[in-house]
Amino acid sequence: ADTGEGGGLFDDSAEPATSSRPAPWQTGGTASPAQPFETRAEVPVPTPVRLAPGVAAGFSDWALHWSVGTLEGALPLPQQIAEISIGRSDDNHVIIAHPQVSSRHLTLSLPQGGQRAFVVDSGSRNGTAMLERGEGFILGARELHPWPAGAQIVIPNHPPAVVRLRLQPLRRTA
């Protein structure tokens, strides 16, 4: 039992139980309490949103901007596919590796020319919401909704939102 006199489990002045060496943060070493190792190899973080193998982006009229947790990025969407499936499963065109995303979460319709996009929630378990100009609404399952440029798709449809998607038409210079 902790008597309140120091020497407890989280007391930096206590000697480690398995070593007579003090921890690096106690001796002015290069690590901190959050990183108690003196050397640390950089580990690449896998991209949580990617195109499926064999799906080439080519010259697209649209870019999908995404954020998952603290990671974010953008990818051009394939122009040759009129309806793009988005979900966690590897058989989608766009794969989002997150447990809140259903195996087949959304279908995105992109007409040629980048004029207008449409989105359908494919009956996902956690739902989908759209946020536009401060207003939000939940997408009904299997209902076609316009997806205006700049509006965000949010997964799940209840807080906290873990996946955010935004479509942007790409403008080409001649």
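Refer to the preceding data block for the structure.
In this report, we go over the structure that sits alongside the text.

Quick notes on the rules
Residues numbered from 1 in each chain as written. Predicted model: local features only at pLDDT ≥ 70, side-chain atom pairs only at ≥ 80, totals over all residues. Heavy atoms only, no water. Helix = DSSP H or I, 4+ residues; strand = E, 2+ residues; numbered from the N terminus. Buried < 20%, exposed > 50% of the residue type's maximum accessible area, 1.4 Å probe, protein only. Contact = heavy atoms within 4.5 Å. Areas by Shrake-Rupley, 256 points an atom, 1.4 Å probe, with all protein chains shown as cover. Core = buried A, V, L, I, M, F, W, Y, C linked by side-chain atoms within 4.5 Å. Pairing = 2+ DSSP bridges. Axes fitted to C-alpha atoms, helices over the stretch in contact; angles between N-to-C directions. Salt bridge = Lys/Arg side-chain N within 4 Å of Asp/Glu carboxyl O.

This paragraph deals with the overall build of the chain. Summing up its helical and strand segments, the chain has zero helices and twelve strands in all. Going residue by residue from the N terminus, the α and β elements of the chain occur as β-β-β-β-β-β-β-β-β-β-β-β. Buried positions account for 34% of the 174 residues belonging to the chain. Once local pairs closer than 6 in sequence are excluded, the contacts in the chain between residues at least 24 apart make up 42%. Just so you have it, the chain exposes about 11,000 Å², and 53% of that area is on carbon and sulfur atoms.

In this structure, Leu77, Val94, Leu108, Trp147, Ile153, Leu165 and Leu167 are the most contacted members of the largest nonpolar core, which totals 31 residues. Looking at this core, the elements with two or more residues in it are β1 (49–51), β2 (62–68), β4 (83–87), β5 (94–96), β6 (106–109), β11 (152–155) and β12 (163–169). No other element matches β2, which puts four residues into this core. Beyond its immediate sequence surroundings of up to four residues, Ile153 is in contact with Leu106, Val119, Thr128, Ala129, Met130, Leu139, Trp147, Val163, Arg164 and Leu165.

Time to look at the sheet that holds β2. The strands making up a sheet are joined through hydrogen bonds of the backbone, oriented either antiparallel or parallel. A sheet is described by the order of its strands in space; here six strands give the open sequence β3-β2-β12-β11-β8-β9, paired in antiparallel fashion. Two strands lie at the open edges of the sheet, namely β3 (71–76) and β9 (135–138), each paired on one side alone. Going across the sheet, the axis of each strand differs from the next one's by a mean of 20°, ignoring polarity. Here strand β8 (residues 129–132) pairs with β9 via four bridges, running antiparallel. By the bridge assignment for β9, Glu132 is matched with Glu135.

The subject of this paragraph is the sheet that holds β4. Within the open sheet, the six strands sit side by side as β1-β5-β4-β6-β7-β10. Their pairing is mixed. Edge positions in the sheet fall to β1 and β10 (145–146), since each has one partner strand and no second.

Side-chain pairs of opposite charge can arise where the charged atoms are in close proximity. Counted under the stated rule, the structure contains three salt bridges. When the shortest N-O distance is used, the salt bridge between Arg133 and Glu132 registers 3.7 Å. What makes Glu132 partly exposed here is its relative accessible area of 25%.

With that settled, the discussion passes to the pairing of β11. Where β8 lies against β11, three bridges are found, and the strand directions are antiparallel. In the strand pairing of β11, Ala129 is matched with Val154.

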